[in-house]
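# Results of the structural survey
Listed below, chain by chain, are the residues.
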Amino acid sequence: MALVYDDAKAKIVEFVESKSKTKSKFYFNDLCGVFPEEKQRDVKKILNQMVAEEIMIYWSSGSTTLYGLKGAGKQAAAEHED
Amino acid sequence: MAKHKTPLLDQLESGPWPSFVSDIKDEAETRHKNPNGVDYQIPVDVCDDLLGILELSYVEGETHWKHGGIVGVFGYGGGVIGRYCDQPQAFPGVAHFHTVRVNQPSGMYYTSDYLRSIMDVWDRRGSGLTNMHGSTGDLVLLGTQTAQLEEIFFELTHNLNTDLGGSGGNLRTPSCCLGESRCEFACYDTQEMCHTLTNDYQDELHRPAFPYKFKFKFDGCPNGCVAAIARSDFSVIGTWRDKIRVDQKAVAAYVGGELAPNAGAYAGRDWGKFDIVAEIVNRCPSGCFQFEGGKVVINDKECVRCMHCINVMPRALRIGNDRGASILLGAKAPILDGPQMSSLLVPFISAEAPYDEVKEVIENIWDWWMEEGKNRERVGETMKRMGFQKLLEVTKRKPDPRNVWEPRHNPYIFWKEEDVTGGWTRDIDAYRKKHQR
């Protein structure tokens, strides 16, 4: 079943917000877990679109990249980025 | 006078080697003098503060850098590595000190004008400090602030036709040896393949979705000038299927002393007369090289492509004419489980543009690794965990004797568990009833 962008976006946001008490950043694999039936490359397209719309952001350590909702977590405030 | 006193760093300058401390001090001084009238966009004392915070770390024995962050250019998940210091009041010049990775041209060919243009951007919008090149090959620009990132990206892409490199869980900046541009040993056009795949896999390079890093490196021959076999997850190494071409007259010239072995590379000392038996025959790892009756005889079927004979007598021995590449998979550095070299997956593959065969292997591996790989697991670790046989299965390749180290080393590579009665486990008690120890 092909992913519909708006539905997939809502599911990802719901998943990420449901974990917001303990986590603000997620591995790509964690987010693929929301759509176990889908190809990972299709999930990636959805996430790319969400980054382009500035709903999600990338967080990079230089060796590992995580995805998070824009503005979530301490990082943005702590670095005076917002 | 220096902004911060740095007695511990100063000591590093006293050794016999060129010191990075001296280099940073030079740059600090140049920035203050500003002989070229650069309109600095980040604090002029960035280099002073860099030395200051490093000195503090030496004094206290702990780092003042925080790791990572939400930095990057719009739409890119890699290419910029965020660095923030945790003492921004004391060292405002390095409150942000982000690294920008810039994709090097294939084979690292530059014009001096290009390098000057890069440095013009970097002197103005960054610290002026660089690392050329990083381990993966990028031009590494060290130290800028968040507000400059989009500006740098714009100037690089629009004025210099240059893109950012890779970082994070994505395809890292591919790199290659200089290949056919200068080297007669190159078995395929490494620069062309590196450039083509870099362009074709832009999404994988800039938008991370892999479990961890993934590196391509392209060596034109088994001499391995970019050390693909040791440093890249996906190592492409040039090879040939036919015979080493032998020019017996040139062999005689080497033996007779008219031609210098190793192209004269070891001419600095008197090593004595060139002795082909000692220098080549006895050093051939598979014993396939013989010197009989004044002529070289090579049993090419046994040749393991060590390149030694060709390197010693390049005028007499040349790579074969039926050329392509071998693909090996899984090299990594020793962060977990120790270092690992790549394992031979495809003994020979066409290395002609548009590289469809190579891309098919790559994409099959990615599909499998993205699905099965754990977070922060290199493909070489996935391969070890799930077995080389699994890798053959996902890449749709038949097992080949060259996939194993030696005959009978691991015959299980040819069978699946379901093909064998009882699978890989057995009831040892039931077995012992019938078979004594």
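Scope of this entry: the structure provided in the associated data block. (Residues numbered from 1 in each chain as written. Chains lettered and ligands numbered in written order. Predicted model: local features only at pLDDT ≥ 70, side-chain atom pairs only at ≥ 80, totals over all residues. Heavy atoms only, no water.)

For the rest of this paragraph, the subject is the overall build of chain B. Counting its secondary structure elements, chain B contains 15 helices and 15 strands. Across its three principal directions, the C-alpha atoms of chain B cover 75 × 70 × 45 Å. Burial statistics for chain B: of 437 residues in total, 48% are counted as buried. Here the analysis covers contacts within chain B between residues at least 6 apart in sequence; of these, 64% occur between residues at least 24 apart. Here chain B holds 50 positive side-chain charges and 60 negative ones, and the gap between their average locations is 7 Å. (Helix = DSSP H or I, 4+ residues; strand = E, 2+ residues; numbered from the N terminus. Buried < 20%, exposed > 50% of the residue type's maximum accessible area, 1.4 Å probe, protein only. Contact = heavy atoms within 4.5 Å. Lys, Arg positive; Asp, Glu negative; His and termini not counted. Charge placed at Lys NZ, Arg CZ, Asp CG, Glu CD.)

The next subject is helix H12 (residues 356–372) of chain B. Here H12(B) contains 17 residues, and its C-alpha end-to-end distance of 24 Å stays within 8% of the 24 Å for a straight helix at 1.5 Å per residue. Within H12(B) the residues assigned to the buried category are B:Val358, B:Lys359, B:Val361, B:Ile362, B:Asn364, B:Ile365, B:Trp366, B:Trp368, B:Trp369 and B:Met370. (Expected span 1.5 Å × (residues − 1).)

On to the interface of chain B and chain A, then. Contact with chain B, which involves 35 residues of that partner, is made by 25 residues of chain A. In total, about 2,600 Å² of surface goes out of reach between chain B and chain A, with carbon and sulfur atoms giving 48% of it. Per-residue buried area on chain B facing chain A is highest for B:Ile70, B:Met370 and B:Asn375; these three make up 24% of the total on that side. If you look at where chain B meets chain A, you find three salt bridges. Between B:Asp203 and A:Lys44 there is a salt bridge, with its nearest N and O atoms 3.3 Å apart. On inspection of chain B and its partner chain A, the count reaches eight residue pairs in polar contact (both at pLDDT 80 or more). Secondary-structure elements contributing two or more residues to the side of chain B that touches chain A are strand E1 (65–67), strand E2 (80–81), strand E3 (83–85), helix H7 (202–206) and H12 of chain B. (Buried area = accessible area lost by both parts, 1.4 Å probe. Salt bridge = Lys/Arg side-chain N within 4 Å of Asp/Glu carboxyl O. Polar contact = N/O pair within 3.5 Å; in protein donor to acceptor, adjacent residues only side chain to side chain.)

Residues and elements named next belong to chain B. The five strands are arranged E7-E8-E9-E14-E15 in an open sheet whose pairing can be described as mixed. Taken across any chain shown, the strands that pair with only one partner, and hence form the sheet edges, are strand E7 (175–176) and strand E15 (343–349). Lying on the sheet, helix H6 (residues 190–200) is in contact with E7, strand E8 (216–219) and strand E9 (234–240); it crosses E8 at an angle near 165 degrees. (Pairing = 2+ DSSP bridges. Axes fitted to C-alpha atoms, helices over the stretch in contact; angles between N-to-C directions.)

Let us now look at the packing of helix H2 (residues 20–33) of chain B against helix H3 (residues 46–60) of chain B. Residue and element names in this part refer to chain B. Between H2 and H3, the shortest axis-to-axis distance is 8 Å and the interhelical angle comes to 145 degrees. When H2 is examined against H3, the residues Phe 20, Val 21, Ile 24, Lys 25, Glu 27, Ala 28, Arg 31 and His 32 are found in contact with a partner set consisting of Val 46, Cys 47, Asp 48, Leu 50, Leu 51, Leu 54 and Tyr 58. Classifying every residue of the contact of H2 with H3 by side-chain character gives 10 nonpolar, one polar and four charged. (Nonpolar A, V, L, I, M, F, W, Y, C, P; charged D, E, K, R; others polar.)

To continue, consider a nonpolar patch on the surface. Residues and elements named next belong to chain B. Where nonpolar side chains cluster on the molecular surface, the patch consists of Leu 8, Leu 12, Phe 20, Tyr 58 and Val 59 and spans about 440 Å² of accessible area. As for its position among the elements, Leu 8 is in helix H1 (residues 7–12). The partly exposed category is assigned to Leu 8, whose relative accessible area is 32%. (Patch = residues over 30% accessible without salt bridge, like charges linked within 9 Å, V, L, I, M, F, W, Y side chains within 5 Å. Areas by Shrake-Rupley, 256 points an atom, 1.4 Å probe, with all protein chains shown as cover.)

Formed by 60 residues in total, the largest nonpolar core has its most connected members in A:Met56, B:Phe214, B:Phe216 and B:Phe234. With residues near it in sequence (within four places) discarded, B:Phe216 still touches B:Leu171, B:Pro174, B:Ser175, B:Leu197, B:Tyr201, B:Ser232, B:Phe234, B:Ile362 and B:Trp366. Among the nonpolar cores identified, the runner-up in size contains 28 residues, and B:Cys221, B:Ile244, B:Ile276 and B:Cys303 belong to it. (Core = buried A, V, L, I, M, F, W, Y, C linked by side-chain atoms within 4.5 Å.)

Attention shifts here to the pairing of strand E12 (residues 295–298) of chain B. Residue and element names in this part refer to chain B. Taking every second residue as pointing to the same face, the buried face of E12 carries Val 296 and Ile 298, while none of Lys 295 and Val 297 on the other face is buried. Across four bridges, the pairing between strand E11 (residues 289–292) and E12 is antiparallel. Of the residues in E12, the one forming a bridge with Phe 291 is Val 296. Counted along the chain from E11 to the antiparallel partner E12, the turn is two residues long, and its residue Gly 293 has a positive phi close to 55 degrees.

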